[in-house]
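Structural overview for review
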Amino acid sequence: MSEPQDVPISDESIRLGQFLKLANLVESGAEAKPLIASGMVRVNDEVETRRGRQLAQGDVVTLAGQSARVAHGEATDNLPW
C-alpha cells in the first residue's frame with residue numbers, strides 16, 4: 001500500500017461519505033454507501049461501516065488499496081490555471 005495522499009478540508013471535520021468523494025476514492029455518495037456498509041472502507045486501519053462517521057485532521061481512509069489522509073487547509077479543485 002502506498003503513502004496516503006493528503007486531502008485538505010475547509011472545516012474541522014467531514015463525514016466519511018463526503019470525504020470518499022472529495023478524495024476521488026468513489027464517484028458518488030451512491031457508490032460510497034454500499035462500499036462502506038459492506039466493510040470495504042477502513043478508517044485508521046479499522047473497518048468502518050458508518051457513512052456519517054466524522055473524520056478529523058490526521059484520519060487515514062483506505063479503500064481498495066488506496067489511502068487518503070484528512071489534512072487541514074482549503075480544499076482545492078485541482079483544475080489547471
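Below is a short write-up of the structure.

Turning to its location among the elements, Glu 48 is positioned in the loop between β4 (46-47) and β5 (54-56). Here Glu 48 falls in the buried class, since its relative accessible area comes to 6%. A polar contact of 2.8 Å, which involves the side chain of Glu 48, links it to the side chain of Arg 50. Here Glu 48 is in contact with Leu 16, Ile 36, Val 41, Arg 42, Val 43 and Arg 53, once residues within four sequence places are set aside.

The next point concerns the sheet that holds β4. Spatial ordering of the open sheet is given by β1-β7-β6-β3-β4, a layout of five strands whose pairing is mixed. The sheet is open, and its two edges are formed by β1 (5-9) and β4, each paired on a single side.

Before going further, it helps to spend a moment on the pattern of salt bridges. Counted according to the given criterion, the structure contains five salt bridges. Across the salt bridge formed by Arg 42 and Asp 45, the nearest N and O atoms sit 3.4 Å from each other. Judged by relative accessible area, Arg 42 falls into the partly exposed class, the value being 32%. The salt bridge involving Arg 50 is made with Glu 48; its shortest N-O contact spans 2.8 Å. When its relative accessible area of 49% is taken as the criterion, Arg 50 is described as partly exposed. A cluster of three or more residues bridged by salt bridges with shared partners is formed by Glu 3, Asp 6 and Arg 69.

Along helix α2 (residues 29-37), the residues that are buried comprise Ala 32, Leu 35 and Ile 36. Projected onto a plane normal to the axis of α2, the buried residues spread over an arc of 95° and lie on a single side. Seen from the buried face of α2, the exposed residues on the opposite side, beyond 90 degrees, are Ala 30, Lys 33 and Ala 37. In this structure, the buried residues of α2 make contact with α1 (16-22), β3 (41-43) and β6 (60-63). Immediately beyond the C-terminal end of α2, within one or two residues, lies Gly 39, with a positive phi of roughly 85°.

The pairing of β3 with β6 spans three bridges and is antiparallel. When the sheet's bridge partners are listed, Val 41 is paired in β6 with Leu 63. In the sheet, β6 pairs with strand β7 (residues 66-72) via four bridges, with the strands oriented antiparallel. By the bridge assignment for β7, Val 61 is matched with Ala 68. Counted between consecutive antiparallel strands, the loop separating β6 from β7 contains two residues, among which Ala 64 sits at a positive phi close to 50°.

Criteria and thresholds
- Residues numbered from 1 in each chain as written.
- Predicted model: local features only at pLDDT ≥ 70, side-chain atom pairs only at ≥ 80, totals over all residues.
- Heavy atoms only, no water.
- Helix = DSSP H or I, 4+ residues; strand = E, 2+ residues; numbered from the N terminus.
- Buried < 20%, exposed > 50% of the residue type's maximum accessible area, 1.4 Å probe, protein only.
- Polar contact = N/O pair within 3.5 Å; in protein donor to acceptor, adjacent residues only side chain to side chain.
- Contact = heavy atoms within 4.5 Å.
- Pairing = 2+ DSSP bridges.
- Salt bridge = Lys/Arg side-chain N within 4 Å of Asp/Glu carboxyl O.
- Arc of directions from axis to C-beta.

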